[in-house]
Amino acid sequence: MKPSIPKGTRDFSPVEMNRRNYIFDTIKKVFQKYGYQQIETPSMENLETLTGKYGDEGDKLLFKILNSGPVVDQINKSETDIKLNEISEKGLRYDLTVPFARYVVMHQHEITFPFKRYQIQPVWRADRPQKGRYREFYQCDVDVIGSDSLLNEVELIQIIDEVFTRLGMEVTIKINNRKLLAGLCEVIGEMDKFTDIVTAIDKFDKVGSNGVKQELYDKGINKQSIEKVLEFIKISKFDIIVIKGLKELMKDSEIGLKGVEELETLFIDYLVPLKLFPKTILDGTLARGLNYYTGAIIEVKANNVSMGSICGGGRYDDLTGIFGLPNVSGVGISFGADRIYDVLNELGKFPDFKNDSTQLLFVNFGKEEETFCLNLVSKVRAEGINSELYPDHTKLKKQFAYADDKKIPFVAVIGEEEMKTNTVTLKDMASGEQFKNLTIDEVIKRFK
RNA sequence: GUAGAUGUAGCUCAGUUGGUUAGAGCAUUAGAUUGUGGUUCUAAGGGUCGUGGGUUCGAGCCCCAUCAUUUACCCCA
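Sequence order as written defines the numbering, with residues in each chain counted from 1. In the order they appear in the text, chains get letters beginning with A and ligands get numbers beginning with 1. Only residues with pLDDT of 70 or above have their local features reported here, since the model is predicted, and side-chain atom pairs are shown and tallied only from 80 upward, although totals for entire chains, interfaces and linings are computed over all residues. Only heavy atoms go into the side-chain values, all of them from the structure, while hydrogens and water stay out.

## Remarks on the packing of helix α8 (residues 178-187) against helix α9 (residues 194-202)
Put simply, the rule reads: Helix axes are fitted only over the stretch in contact, all axes being lines through C-alpha atoms; the angle between N-to-C directions runs from 0 to 180 degrees. Strands are runs of DSSP state E lasting at least 2 residues, helices are runs of H or I lasting at least 4, and numbering of each runs from the N terminus. Crossings are assigned a handedness: left-handed for a near helix turned anticlockwise from the far helix by less than a right angle, right-handed for a clockwise turn. Residue contacts are defined here by distance: any two heavy atoms, one from each residue, within 4.5 Å place the two residues in contact. Side-chain classes are defined by residue name, with Ala, Val, Leu, Ile, Met, Phe, Trp, Tyr, Cys and Pro counting as nonpolar, Asp, Glu, Lys and Arg as charged, and the others, Gly among them, as polar.
Remark: α8 packs on α9, axes separated minimally by 10 Å, with the N-to-C direction vectors making an angle of 115°. At the point where α8 passes α9, the crossing takes the right-handed sense. On α9, the residues that touch Arg178, Leu181, Ala182, Leu184 and Cys185 of α8 are Phe194, Ile197, Val198 and Ile201. Of the residues in the contact of α8 with α9, the class split is 8 nonpolar, no polar and 1 charged.

Below is the structure:
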């Protein structure tokens with residue numbers, strides 16, 4: 001048979017793993033610097049934990065896991081209606097936030113709040129793969145749960161800024177607030193069409209104001225309301241001075257005013273003094289699909305590349321409430337490691353990784369030399385030098401080619417002559433230089 | 001779920017209005033060099049042209065179906 005892997009999944013070869021680890025390590029270091037602690041949760045969750053948290057589209061994209069047992073065995077023969085929960089009661093996690101909320105509720109008695117955690121694990125979505133979209137991909141989540149303070153939002157933005165600075169990427173950070181969007185819907189008296197309106201507004205960057213107009217019209221929004229929505233879009237993009245205008249627009253909506261107030265505090269009190277303002281912009285058209293966001297929403301896009309968002313998140317006031325722990329607010333963001341990889345790759349921004357695998361290869365001449373070398377390899381390894389002995393006694397040409405291919409910088413040649421004198425001939429692969437009559441200790445010294 | 005594009009060697013791709021035995025580069029293996037890689041030279045292996053059907057004297061090329069991959073929409077990291 002021809003081997004293959006499922007659609008939207010990938011193998012990662014050594015070169016790719018070097019690069020991926022560079023991204024993970026960078027992100028991890030920053031997370032730890034701000035005091036976040038790592039957790040992991042299982043790949044699969046109970047289906048009831050996952051369903052209903054991501055909107056209708058999200059539910060469709062859940063990977064479900066078939067039960068094992070007699071019911072499933074019978075499916076082939078049976079023609080009766082089978083209920084989903086009889087054949088599947090587990091699913092692969094769709095993101096890391098919902099499992100985290102579940103974790104917090106289950107472990108509430110051992111957690112000290114506010115709890116700052118990070119989590120780097122794969123998630124799965126039964127989506128159609130395309131550019132920057134995979135069915136299995138890694139998210140790097142940081143969340144603070146159990147604190148309402150806007151300082152948490154600020155900290156997340158600082159983390160975003162630091163991560164992408166370290167990775168050498170130019171990005172645009174956009175902020176909005178769900179309360180503002182809720183306020184808008186309240187003001188125009190279309191609260192029940194919240195999702196429709198918000199998804200229409202979200203498309204502004206793509207389709208422009210005429211496109212938004214059309215979509216709102218198609219959804220049955222009246223003309224007057226549409227004008228108000230467009231006015232909102234106009235004043236809520238790009239500039240901080242519009243706060244006044246937003247207040248005026250939201251004056252009849254308590255939740256809307258709360259949203260404006262939060263954004264005002266965030267920008268005026270924190271982001272501007274921290275010089276994070278022009279980097280971070282207010283964008284009233286930012287919506288984000290996930291259902292559970294209630295306050296700030298954040299999205300990061302890479303500049304100069306066509307790629308969806310590479311980082312996103314927001315505040316969720318009642319995600320733990322679903323699992324029985326109300327009144328615990330959390331805020332968090334998620335870095336999309338695979339998309340960051342694609343962007344860095346496209347821009348050629350990966351640094352050269354110096355080879356930290358094998359430093360020294362012992363050539364294998366034959367039975368006697370093998371045994372002789374085995375001791376030397378152990379000795380070298382005991383000194384913390386990564387080294388290996390070529391496993392077969394093939395032609396030297398092949399062994400040197402192996403070293404070359406694997407970018408091993410030094411080769412130790414120990415044949416009859418060297419065994420007699422108990423010395424090593426060391427070849428520097430980069431220069432081609434050879435050093436004869438070295439003792440093994442002298443060889444070790446060269447690596448220190 | 002909707003729409004388009006593409007399937008030829010391990011990889012990237014040529015292949016003329018349909019015409020004999022389907023090519024190149026890279027990669028692989030072997031040799032030039034029996035204790036020496038990266039450069040160079042020589043040679044070799046590797047293909048039911050995605051699959052099935054049709055048109056034709058003749059199909060990698062045209063038609064239909066099907067599968068796979070991929071891009072866009074929707075939604076998202």
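## Observations concerning the sheet that holds strand β3 (residues 64-66)
Defined as follows: Should DSSP find at least two bridges between two strands, the strands are taken to pair.
Strand order across the open sheet formed by 3 strands is β2-β4-β3, with antiparallel pairing between neighbours. For this open sheet the edge positions go to β2 (44-46) and β3, each flanked by a neighbour on one side alone. When strand polarity is set aside, the average angle formed by the axes of neighbouring strands in this sheet is 45°. Alignment of β2 against strand β4 (residues 88-92), held across 3 bridges, turns out to be antiparallel. Note that in β4 the partner of glutamate 45 across the bridge is glycine 91.

## Description of the domain arrangement of chain A
Quick reminder of the rule: All the domain ranges listed were derived from an automatic or database domain assignment.
If you check the domain split of chain A, you get domain 1 (14-347) and domain 2 (354-447). Between the C-alpha centres of domain 1 and domain 2 the distance comes to 53 Å.

## As for the pattern of salt bridges
Note the threshold: One speaks of a salt bridge when a side-chain nitrogen belonging to Lys or Arg is within 4 Å of a carboxyl oxygen belonging to Asp or Glu. Exposed residues in this analysis have more than 50% of their type's maximum accessible area, buried residues have under 20%, and partly exposed residues fall in between, with area computed by a 1.4 Å probe over protein chains only.
In total, this model carries 23 salt bridges according to the counting rule given. Between lysine 279 and aspartate 161 there is a salt bridge, and its shortest N-O distance comes to 3.0 Å. Highlighted residues: lysine 279 in the loop between α13 (254-271) and β8 (280-282) and aspartate 161 in helix α7 (residues 151-166), separated in sequence by 118 residues. Among the residues examined, aspartate 161 registers a relative accessible area of 18% and is labelled buried. We note a salt bridge from lysine 379 to aspartate 441, for which the minimum N-O separation is 3.9 Å. Separated by 62 residues along the polypeptide, lysine 379 in helix α15 (residues 367-382) and aspartate 441 in helix α18 (residues 440-446) bring together distant segments of the chain. Residue aspartate 441 is classed as partly exposed on the basis of its relative accessible area, which comes to 45%. Taken together, the shared-partner salt bridges connect Arg10, Arg20 and Asp338 into one network.

## As for the sheet that holds strand β12 (residues 360-362)
Read across the open sheet, the 5 strands follow the order β13-β12-β14-β15-β16; overall the sheet is mixed. Strands with a single pairing partner mark the edges of an open sheet, and in this sheet they are β13 (387-389) and β16 (434-438). Between one strand axis and the next, the sheet turns by 20° as a mean value, whatever way the strands run. In terms of strand pairing, β12 meets strand β14 (residues 410-413) through 3 bridges, oriented parallel.

## Some thoughts on the pairing of β4
Sheet topology places β3 next to β4; 3 bridges connect them, and they run antiparallel. Bridge pairing in β4 places isoleucine 65 opposite lysine 90.

## Examining the nonpolar core
The condition that has to hold: In this text, buried Ala, Val, Leu, Ile, Met, Phe, Trp, Tyr and Cys residues form a nonpolar core when linked through side-chain atoms within 4.5 Å.
Ranked by internal contacts, the top residues of the largest apolar core, which has 96 residues, are Phe164, Met169, Ile310, Phe335 and Ile340. Element by element, the count of residues in this core is highest for α7, at 7 residues. Val380, Ile385, Ile440 and Ile444 belong to the second largest nonpolar core, which has 16 residues in total.

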